[in-house]
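Chain by chain, the residues:
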Amino acid sequence: MSKNVKLWGGRFQESQSDLMERIGESISFDKELYEQDIRGSIAHAKMLQRIGILNSKECKAIETGLQSIKKEIESGQFETRIELEDIHMHIETRLTQLIGDAGKKLHTARSRNDQISQDVRLYILDHLKILLPLMLDLLHSLLKKAESSVNILFPGYTHLQVAQPIRASHYLLAYFWAFQRDVENMIRTYEIANVLVLGSGAMSGVNYPTDREFLKKELGLGKISENSMDAVAQRDHIFQYIFSASQCMVHASRICEEFIIYSSTEFSYIRLPDRLTSGSSIMPQKKNPDVAELIRGKSAMVIGDLVSLLTLVKGTPMTYNRDFQEDKPPLFRVTKNLLLSIEGLKEMVEGLEFRSESIESTLRRGFATATDLADWLVNEKNLPFREAHEIVGSLVSECEKAGKDLFTIDDESKAKISPHLLDEGYLSAISLENSADKKNVPGGTAKNRQMEQIRDAKKAVKDLQKNLQSFLK
Ligand code: ARG
């Protein structure tokens, strides 16, 4: 019964087995591409009319038919069946049902190989138009939070051991720049995907004078693919998209990991808003950072999808191979996970509050200005750095024994280690604020450098915005 519904059934004596249909179908997931498929088909029909393959009546009928199929799909009235394999055959079959013979001419000068490649490119472009403004929103929230936290001194870490005091703005801006690069990667992805593939046919081109320039304009694309084989065989635009997404998710995962740690009772550096957390069904006191944990979890899915995609294409010979059909579930999943994660992260950044008491206590308990004290001994007391390091090391050890910090250790203990430590410059040498402000190099954590960096970050956002406007029309 299946044989007669296949659009390619001519040469077959036997109908497809049930297994072949079940393993071969992609309609269960590629229906997500219906809008791009219809848009591509309308452009293709107009082009066919231009080169004299369709008359204007046929072209109009195809366009109207495709528009009503779009409505059927959007209103949930469109019926799918696995015998029709994929979104392309579903739409073409329904078109012929609706408008008759003209529908059968639509696939002239086209193969599903160039069609799917085009659809996916359009899908990526469409979703970048949603994703990129959202990523810019995230940059804005990081920037805004940074601006309001310039005066908060915060522990900077290496090895998750307290290293040196930084301004909280510096910490947030570190992520600003990471996500700023992610936006640049996505813009590059846009350029890579912004290519007309139609006209490549199955793999060698088509036996008709396809007007590719017209198609490019009609679909609003940036350029025409140079090689029909490369056009149907490569999935670099998907690689680039998922790689950019993966890098962005790695950044998101790291900041989420910190939000999880920093919001714990042990750290208590930040408070996440109730609306982005959840409780426990048994432990009444719990407030779990679920959004942060889920984003960290989703990053694993996205990275996995990147590996799947690269591996999917790795061993395939030129040009199209049916394996490529499997590229769609990861692609769609990445889009969904990335959009949700960016949105979730933005809301967390906007809603988080710093808790200065525990932050300051850590800075003191972690001897965050020990390096500054050693540098003071070098600069003011003319000690060689190694000697200064040794003295401060002994002081830290003394503090630990006595349960004190650099601020509270008594003079007697200090005098035992070095008379310099009793000098009146000592307190200013260990000041948290002074420590930050001495990092007065471009890109450093000093207050004036923070203001400078915020200005640079604002300019970077403006540049990205300008860049986006030029192609996000
Ligand atoms: N559903 C197919 C895919 O996603 C469309 C292309 C089919 N081409 C073919 N030669 N069977 O890759």
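Residues numbered from 1 in each chain as written. Predicted model: local features only at pLDDT ≥ 70, side-chain atom pairs only at ≥ 80, totals over all residues. Heavy atoms only, no water.

1. What about empty space enclosed by the protein?
- Within this structure, the stated rule accounts for two cavities of 30 Å³ or more.
- Here the largest cavity defines a volume of roughly 40 Å³.
- Looking at the lining of the largest cavity, the elements with two or more residues in it are helix H3 (34-50) and helix H6 (112-147).
- In the lining of the largest cavity, the residues fall into one nonpolar, four polar and three charged.
- Approximately 30 Å³ is the volume attributed to the second largest cavity.
- Lys6, Gln16, Met20, Glu21, Gly24, Glu25, Ile82, Glu85 and Arg322 together form the lining of the second largest cavity.
- Taken together, the residues that form the lining of the second largest cavity break down as two nonpolar, two polar and five charged. (1 Å grid on protein atoms, 1.4 Å probe; cavity = no way out; pocket = protein on both sides within 12 Å on 5 of 7 lines; lining within 4 Å. Points joined across faces, edges and corners; volume = space filled by probe spheres on them. Helix = DSSP H or I, 4+ residues; strand = E, 2+ residues; numbered from the N terminus. Nonpolar A, V, L, I, M, F, W, Y, C, P; charged D, E, K, R; others polar.)

2. Some thoughts on the layout of surface pockets
- Taken as a whole, the largest pocket holds about 340 Å³ of empty space.
- The wall of the largest pocket is formed by 16 residues, among which Ser263, Ser264, Thr265, Lys287 and Asn288 lie closest to the centre.

3. Brief notes about the site of the ligand
- For the ligand, the full set of nearby residues is Ser26, Asp86, His88, Arg112, Asn113, Ile116, Tyr320, Gln325 and Lys328.
- One of the side-chain N or O atoms of Gln325 is found 2.8 Å from a nitrogen atom in the ligand.
- In the environment of the ligand, an oxygen atom lies 2.9 Å from a nitrogen or oxygen atom belonging to the side chain of Lys328.
- For the ligand, whose accessible area on its own is 350 Å², the fraction buried by protein is 88%.
- Tallying contributions element by element places H6 first for the shell around the ligand, with three residues.
- Among the residues making up the shell around the ligand, the classes are represented as two nonpolar, four polar and three charged. (Near = heavy atom within 4 Å. Polar contact = N/O pair within 3.5 Å; in protein donor to acceptor, adjacent residues only side chain to side chain. Areas by Shrake-Rupley, 256 points an atom, 1.4 Å probe, with all protein chains shown as cover.)

4. With respect to the pairing of strand E1 (residues 153-158)
- For E1 and strand E2 (residues 161-167), the ladder comprises six bridges, and the chain directions are antiparallel. Residue Thr158 lies in a different strand from E2, and its bridge partner there is Gln161. (Pairing = 2+ DSSP bridges.)

5. Brief notes about the packing of helix H11 (residues 290-314) against helix H12 (residues 328-351)
- Relative orientation of the contacting elements H11 and H12 amounts to 150°, with a least axis distance of 9 Å. When the axes of H11 and H12 are compared, the pair comes out roughly antiparallel. Considering the relative orientation of H11 and H12, their crossing is left-handed. Across from Val291, Ala292, Ile295, Lys298, Met301, Val302, Asp305 and Leu309 in H11, the residues of H12 making contact are Pro330, Arg333, Val334, Asn337, Leu340, Ser341, Gly344, Leu345 and Met348.
- Of the residues belonging to the contact of H11 with H12, the class tally is 11 nonpolar, three polar and three charged. (Axes fitted to C-alpha atoms, helices over the stretch in contact; angles between N-to-C directions. Parallel < 35°, antiparallel > 145°, perpendicular 65-115°, else oblique. Left-handed = near helix turned anticlockwise from the far one by under 90°. Contact = heavy atoms within 4.5 Å.)

6. Some remarks on unusual backbone geometry
- Note the cis peptide between Met318 and Thr319, where omega equals 0°.
- On the secondary structure map, Thr319 appears in the loop between H11 and H12.
- Despite not being glycine, Ser268 shows a phi value in the positive range, around 50°.
- Tracing the backbone shows Ser268 in the loop between helix H10 (236-262) and strand E5 (270-271).
- Look at Ser268 and you get buried, because its relative accessible area is 12%.
- Of note in this structure, Phe367 is not a glycine but carries a positive phi near 50°.
- Accessibility expressed as a relative area gives 11% for Phe367, which makes it buried. (Buried < 20%, exposed > 50% of the residue type's maximum accessible area, 1.4 Å probe, protein only.)

Any functional reading would require information that these geometric values do not contain.
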